[in-house]
Each structure stands twice: as structure tokens, then as C-alpha cells.
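If you want the building blocks of each chain, they are given just below.
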Amino acid sequence: MIRRRQSRFAVFFIFQGNKKPLDVQLEVFFLSAAEESDLMMKISNILIQQIQDTFPGLSLRQNVSFRDVTTLGAGGEIALLAEPAADIVLKGLLEFCYRNELKTFMLGGGSNLVGCDGIFDGVAIRLRQNHFSRVSFGRNHVTIGCGARLPELVRECVKAGYGQFAPFAGIPGTVGGALRMNAGAHGAAIGDFVLELF
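Residues numbered from 1 in each chain as written. Predicted model: local features only at pLDDT ≥ 70, side-chain atom pairs only at ≥ 80, totals over all residues. Heavy atoms only, no water.

## Quick word on helix α4 (residues 150-159)
- Three or more residues of α4 are buried, namely Leu150, Leu153, Val154 and Cys157. Projection of α4 onto a plane perpendicular to its axis shows the buried side chains occupying an angular sector of 100°, all on one side.
- Residues of α4 that are buried sit in contact with β8 (135-137), β9 (142-144) and α5 (175-181).
- The first or second residue beyond α4 is Gly161, which carries a positive phi of 95°. (Buried < 20%, exposed > 50% of the residue type's maximum accessible area, 1.4 Å probe, protein only. Helix = DSSP H or I, 4+ residues; strand = E, 2+ residues; numbered from the N terminus. Arc of directions from axis to C-beta. Contact = heavy atoms within 4.5 Å.)

## Description of the environment of Val114
- Here Val114 shows up in the loop between β6 (104-107) and β7 (119-126).
- Remark: the alpha-carbon pair of Val114 and Gly73, spanning 41 residues in sequence, is separated by 7.6 Å.
- In contact with Val114, not counting residues within four places along its chain, are Leu72 and Ala74.

## Structural notes on the pairing of β7
- Summarising burial for β7: six of the eight residues are buried, a large majority.
- Strand direction decides the pairing type here: strand β5 (residues 77-83) and β7, joined by five bridges, are parallel. Bridge pairing in β7 places Glu77 opposite Ile119.
- Direction of pairing for β6 relative to β7: parallel, over a ladder of four bridges. Its bridge partner lying in β7, Leu107 is registered against Arg126. (Pairing = 2+ DSSP bridges.)

Encoded structure:
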């Protein structure tokens, strides 16, 4: 979908299909604020249907409150929350959003996050399903999904003999968020333990 707007005069091009436009509708009209809101809702529903058709089985929720997905419980709403279960679905979803000029926001565990007061009118992506939150141990290393929660990771690591993760026990949030900000405590930073990101 490509949207161009000048004051109250609007032109919408609605493209359906993945490759070439199967059906192109050109509509030119004047909109009141209420009519514009209704039309944008219809267009949003078209995009949501396209996402569902393109990624069957993808967990999608509409109009999710930031209060429900953050530890601080503050903020407005997220227009669409997606929770992919596999990296191939994540890659495809990000490509879809890019092609359709949709805003994206990576949402981890929601700690240290205050949502915007209004509506985030894009797709928030939360990585906590399947291998995104998995922890697996090798002989000399630990492979951790970005959605794994730090307190649970520390417990599993200590049980498996990786006691050097103990300083991170009191840090809320996910591994992805901790890596993003290089979280640390008691003289240790999580970046000191990273061998590889993939």
C-alpha cells in the first residue's frame, strides 16, 4: 500500500497481491477526520489479512495495550503485535513490513520500556516463542535465544555449571534487550560473554 496525503485531499492506491498489482483502485475524495479514520481502519484490515495469508499460523493481536506488555504498565496501544515462532517467519515478516512501508518495533520482555501515549500505528514484533526463548548447552558454550528471560537463564546456567552468569540474576528483561544495551551488574557486562551473534 502506498499512501499520499495533502491536508484533507487524499489519494489512495491499494495494491493486492505479493508480486504485481492484481487489482489497482484509484480513489480521489475529500475526507472528514472520522471518514479518514474509518478508511485507514479498512486499509489496516486489508494489510492484516495479507499478513495472515502470507504467514499462516503467525500469532497476531490487534489493539494491544502497552500496559499489557511492559513491566512499567504505561503507554497507549500497539495497532498490531506479531509473535513469530521461527526465524524464517521473522525474516519474511520484516521484508513484508519494509515492502509495505509499515513501521516496526522490536519488543522484548517490556522491561525499562514506556509505550507512546497514543497509538503505535505499526507492527510490534515480540520474540519469545520456540527457539527465540530456548537455552541449550554445549560442551564449552551456551546458545541462547534473544527472547530468553535473564533470571531464568541465570538459573539454568548455574544448574549446568556456568556460574559466571550469576551477576545477571537481578536484571529483568530478555537476553536480546540485555545485549542491545550491554547490561551489566557487579562488575560484569553481558557483552563480555558473547562469542557470536546469529
